[in-house]
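What follows is each chain in one-letter form.
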Amino acid sequence: PEEIEKWDKEIHSFLYKWKTSWGNKDFVTYARCYSPRFRHGRYSIKGWLRHKRYLAQRRRNIKISIYKTEIYFYNAYPHLGQVVMVRFVQDYTSNNYHDRGLKTLFLIRKKQGVPWRILIERWGRE
């Protein structure tokens, strides 16, 4: 139970850092939240970050709220290290865009004490 509670706190702290860095347009911190092996549809990590910078230039007052967070722990991928799937409802608002949906992140890290990184990110309707 203590280990799970520790991971839970780490993952919630990671989510806060991720959403805050995007909302503040802090791309140094935001980029560190992603694995170099990240893929999202047609985007590699470089393409993804370029796309997100483009969006940030067009949006002001970005606010992200996260609700109903679920965390699932996996041990089936020893070559990846530690793996968790995090699913939550995301409410995204800016000056010219609003959306609400179900976000799923697969987080990885090689071992305890190493920062979590996003390997896969998915979004869909609630």
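The structure under discussion appears in the preceding block.
The sections below set out a description of the structure shown in this document. Residue positions are given per chain, counting from 1 as you read along its sequence in written order. Where totals are concerned, whole chains, interfaces and linings use all residues; where local detail is concerned, this predicted model gives features only for residues with pLDDT of at least 70, and gives and counts side-chain atom pairs only at 80 or more. Hydrogens and waters are ignored; side-chain quantities use all the structure's heavy atoms.

## Overview of the nonpolar core
To be explicit about the condition: Grouping buried Ala, Val, Leu, Ile, Met, Phe, Trp, Tyr and Cys residues that are joined through side-chain atoms within 4.5 Å yields what is termed a nonpolar core. Relative accessibility under 20% of the residue-type maximum defines a buried residue, over 50% an exposed one, and the middle range a partly exposed one, all with a 1.4 Å probe and only protein chains included. Put simply, DSSP marks the helices as runs of H or I at least four residues long and the strands as runs of E at least two long, and each gets a number from the N terminus on.
Trp-22, Tyr-34 and Leu-107 are the most contacted members of the largest nonpolar core, which has 28 residues in total. Every element with two or more residues in this core is listed here: α1 (2-23), α2 (27-32), β1 (34-40), α3 (45-58), β3 (63-74), β4 (82-93) and β5 (98-109). With six residues, α1 is the single largest residue contributor to this core.

## Section: unusual backbone geometry
Unusually for a residue other than glycine, Lys-25 sits at a positive phi of about 60 degrees. As for its position among the elements, Lys-25 is in the loop between α1 and α2.

## Quick word on the environment of Trp-116
Inclusion rule: We call two residues contacting when some pair of their heavy atoms lies within 4.5 Å. Throughout this description, a polar contact denotes any pair of N or O atoms lying within 3.5 Å of each other; where both atoms belong to protein, one of them has to be capable of donating a hydrogen while the other can accept it, and for residues adjacent in sequence the pair is counted only when both atoms sit in side chains.
Checked against the element boundaries, Trp-116 lands in the loop between β5 and β6 (117-124). Looking at Trp-116, the relative accessible area reads 4%, which means it is buried. Those residues within four positions of Trp-116 in sequence are excluded, and the remaining contacts are Trp-7, Glu-10, Ile-11, Phe-14, Cys-33, Gln-82, Val-83, Val-84, Leu-107, Ile-108 and Arg-109. Within the structure, the side chain of Trp-116 is placed 3.4 Å from the side chain of Glu-10, a separation counted as a polar contact.

## A closer look at α1
Test applied: Helix span, expected: 1.5 Å multiplied by one less than the number of residues in the helix.
Helix length check: α1, at 22 residues, gives a terminal C-alpha distance of 32 Å against a target of 32 Å (1.5 Å per residue), a fit within 8%. All of the buried residues along α1 are Trp-7, Ile-11, Phe-14, Leu-15, Trp-18, Ser-21, Trp-22 and Gly-23. Taken from the residues just after α1, Lys-25 is the one with a positive phi, measuring 60 degrees.

## Quick notes on α3
Compared with the 20 Å implied by 1.5 Å per residue over 14 residues, the 20 Å span of α3 between its first and last C-alpha is a close match. Within α3, the full set of buried residues consists of Ile-45, Gly-47, Trp-48, Leu-49, Lys-52, Leu-55 and Ala-56. Residues of α3 that are buried in the fold lie against α1, α2, β1, β2 (43-44) and β6.

## Things to note about the side chain of Ser-21
Mapped onto the elements, Ser-21 comes out in helix α1. Excluding anything up to four places from it in sequence, Ser-21 contacts Asp-26, Thr-29 and Tyr-30.

## Re the pairing of β4
Keep this limit in mind: One bridge is not enough; two strands pair if DSSP finds at least two bridges between them.
The element β4 is largely enclosed, with a buried count of 10 among its 12 residues. In this structure, β4 lies alongside β5, joined through 12 bridges in antiparallel fashion. By the bridge assignment, Met-85 is partnered in β5 with Phe-106. The turn linking β4 back onto β5 is made up of four residues.

## Looking at the environment of Lys-46
Along the polypeptide, Lys-46 turns up in helix α3. For the pair Lys-46 and Pro-36, spaced 10 residues apart in the sequence, the C-alpha separation amounts to 8.6 Å.

## So, the packing of aromatic side chains
Selection criterion: Any pair of Phe, Tyr and Trp rings, taking the six-membered ring for Trp, is counted once the centres come within 6.5 Å. Such a pair is stacked with planes under 30 degrees apart, edge-to-face with planes over 60 apart, and tilted for the rest. Whether a charge sits over a ring depends on NZ of Lys or CZ of Arg being within 6 Å of the ring centre and within 35 degrees of the ring normal.
Evaluated as defined, the whole model comprises 13 aromatic pairs. Plain terms: the ring middles of Trp-22 and Tyr-30 are 5.5 Å apart, the flat faces sit at 35 degrees to each other, and that makes the pair tilted. The class of Tyr-30 is buried, set by a relative accessible area of 1%. What links up through ring pairs into an aromatic cluster is the set Trp-22, Phe-27, Tyr-30, Tyr-34, Phe-38, Tyr-43 and Trp-48. Over the face of the ring belonging to Trp-22 we find Lys-52, whose NZ or CZ atom lies 4.3 Å from the ring centre. The aromatic ring of Trp-7 is capped on one face by Arg-109, whose charged end is 5.3 Å from the ring centroid.

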